[in-house]
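If you want the building blocks of each chain, they are given just below.
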Amino acid sequence: MKRKIVIELYEQLPAVTYYVIRFKDEEENEFDKFFNKFDGDSEFETSFNIIIDWLDKIGDEGADLNYFKPEGKSLKALPIDGGKLRLYCFRVNECIVVLGNGGNKKTRTYQEDPLLNKFVSDLREAGRHLWNRFNNTTKASIHNCALLGNLEFEIDTEKLKSDEKK
Amino acid sequence: MKKNSIRERAKKVPAEIKSMVSRSMATAKEINKILERQGKNQRDLANMLGKKESEISKWMRGTHNFTYLTICKIENVLGERIILLPEEAIQNIYILTPIKSDSEQTICIKNTQEKGYTFIEKGKKLKIEQSTSVTQDTGNKLQILECFN
């Protein structure tokens, strides 16, 4: 099944511009789904606060590579670790971070949890497409901590399954 | 639909969580600085501690809740202090007197700021831009609010 996704500007802080991914057939972006689900949930209150404060501080300091865990080849998809709550995102560079969805990690690895695995896969696909577009700067480019150009992509969900096996 | 904002929501984060994240980030930075100064990397630290590199990487993300035991283990293998308590730090504070613009003086910033004080130690060159503030070699501005001898 093919679905269109778009990378959209979410919030511009002094040192980092946050982007989010959104499925074009949905109104709510992936990060807001995470935000609205866990903000106010007493079970995850501390973890959610840690994640939000971390994003806020990174927004002032810059997305130092040391704060991110590399996942995959070009993509820096990572869990922001606040207890068992995970938020997945990828770092484009020092001043651009794309936020995805996240959730309660109950399994040893995110791959064992179908939902978390999907969140990471969606994000990874968005990142892969974005990187491919950067290879052709007439399609997409980075300028002054902003993503420019066509940021709409089509994801093949069947392809995701085969990629995960690699 | 509800419009969320990271910055606005962060204002509601409890003070103790804000402090924890700040200190965790500062601790990670300090460890990285020491490693760099010693010509080591996170893999070396992992080997010295008998840990996996992924564990060290997790500590460096700025959200890790370090225990004293972990801090002490890191300090022991690196042979340097990462965290100084105020009483220990105050022994390393030196006067920073007003100095002519663009002059240089051999002093050192410990990179720790608590309650408006900048802890200064010997041995590092700083270029003085103004009498009230200094710019570190790295370009970080540090405010000098009070000086001690």
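This one's a predicted model, so the numbers in the text were calculated from it and none came from an experiment.

## Some remarks on the overall build of chain A
And then number 1: A tally of helices and strands in chain A yields four helices and eight strands.
And then number 2: Secondary structure of chain A in N-to-C order comes out as β-β-α-α-β-β-β-α-β-β-β-α.

## Quick notes on the interface of chain B and chain A
By a widespread convention, an interface's size corresponds to the accessible area lost as its parts come together.
And then number 1: Counting residues at the interface gives 24 residues for chain B and 25 residues for chain A.
And then number 2: Put simply, the parts of the chain that give the side of chain B that touches chain A at least two residues each are helix H1 (6-10), helix H2 (15-37) and helix H4 (53-59) of chain B.
And then number 3: Top contributing element to the side of chain B that touches chain A by residue count: H2 of chain B, with seven residues.

## Description of the nonpolar core
And then number 1: Of all hydrophobic cores here, the largest spans 59 residues; its most connected members are Ile 7, Ile 51, Val 97, Val 98, Leu 99 and Ala 126 of chain A.
And then number 2: Residue contacts for Ala 126 of chain A: discarding those within four places in its chain leaves Ile 5, Ile 7, Ile 21, Val 98 and Phe 153 of chain A.

## Quick word on the environment of Asn 41 of chain B
Residue and element names in this part refer to chain B.
And then number 1: In this structure, Asn 41 sits in the loop between H2 and helix H3 (42-49).
And then number 2: Classification of Asn 41 by C-beta neighbours within 10 Å gives partly exposed; the count is 13.
And then number 3: Along the primary structure Asn 41 and Glu 53 are separated by 12 residues, whereas in three dimensions their C-alpha atoms are 9.9 Å apart.

## Structural notes on the pairing of strand S7 (residues 146-149) of chain A
All names here are of chain A.
And then number 1: Here four bridges tie strand S6 (residues 140-143) to S7, and the two strands are oriented antiparallel to one another. For Ser 141, the partnering residue across the bridge sits in S7 and is Leu 148.
And then number 2: In textbook terms, the turn of a hairpin is the stretch between consecutive antiparallel strands, and for S6 and S7 this stretch comprises two residues, one of which, Asn 144, has a positive phi near 45 degrees.

## Points about unusual backbone geometry
Residues and elements named next belong to chain A.
And then number 1: Of note in the backbone geometry, Asn 144 takes a positive phi value of approximately 45 degrees without being a glycine.
And then number 2: Of note, Asn 144 is situated in the loop between S6 and S7.
And then number 3: Using a count of 7 C-beta atoms within 10 Å as the deciding quantity, one classes Asn 144 as exposed.
And then number 4: You will see that Cys 145, though not glycine, has its phi angle at about 60 degrees, which is positive.
And then number 5: Mapping Cys 145 onto the fold places it in the loop between S6 and S7.
And then number 6: Judged by the 17 C-beta atoms lying within 10 Å of it, Cys 145 is partly exposed.

Parameters and conventions
- Here the residue numbers are simple positions, counted from 1 along each chain's written sequence.
- A letter from A marks each chain and a number from 1 marks each ligand, given out in the order of writing.
- In view of the model being predicted, local features appear only for residues whose pLDDT reaches at least 70, and side-chain atom pairs are presented and counted only at 80 or more, with totals across whole chains, interfaces and linings using the full set of residues.
- Secondary structure follows DSSP: runs of H or I at least 4 residues long count as helices, runs of E at least 2 residues long count as strands, and numbering of each begins at the N terminus.
- Once C-beta atoms are placed from the backbone, any two residues with those atoms within 7 Å are in contact.
- The term nonpolar core refers to a set of buried Ala, Val, Leu, Ile, Met, Phe, Trp, Tyr and Cys residues connected through C-beta atoms within 7 Å.
- The exposure label follows from counting other C-beta atoms within 10 Å of a residue's C-beta, where the C-beta atoms are placed from the backbone and the thresholds are 20 or more for buried and 12 or fewer for exposed, leaving partly exposed in between.
- Only when DSSP finds a minimum of two bridges between them are two strands counted as paired.

Everything listed here is a matter of coordinates, which is why it stays silent on function.
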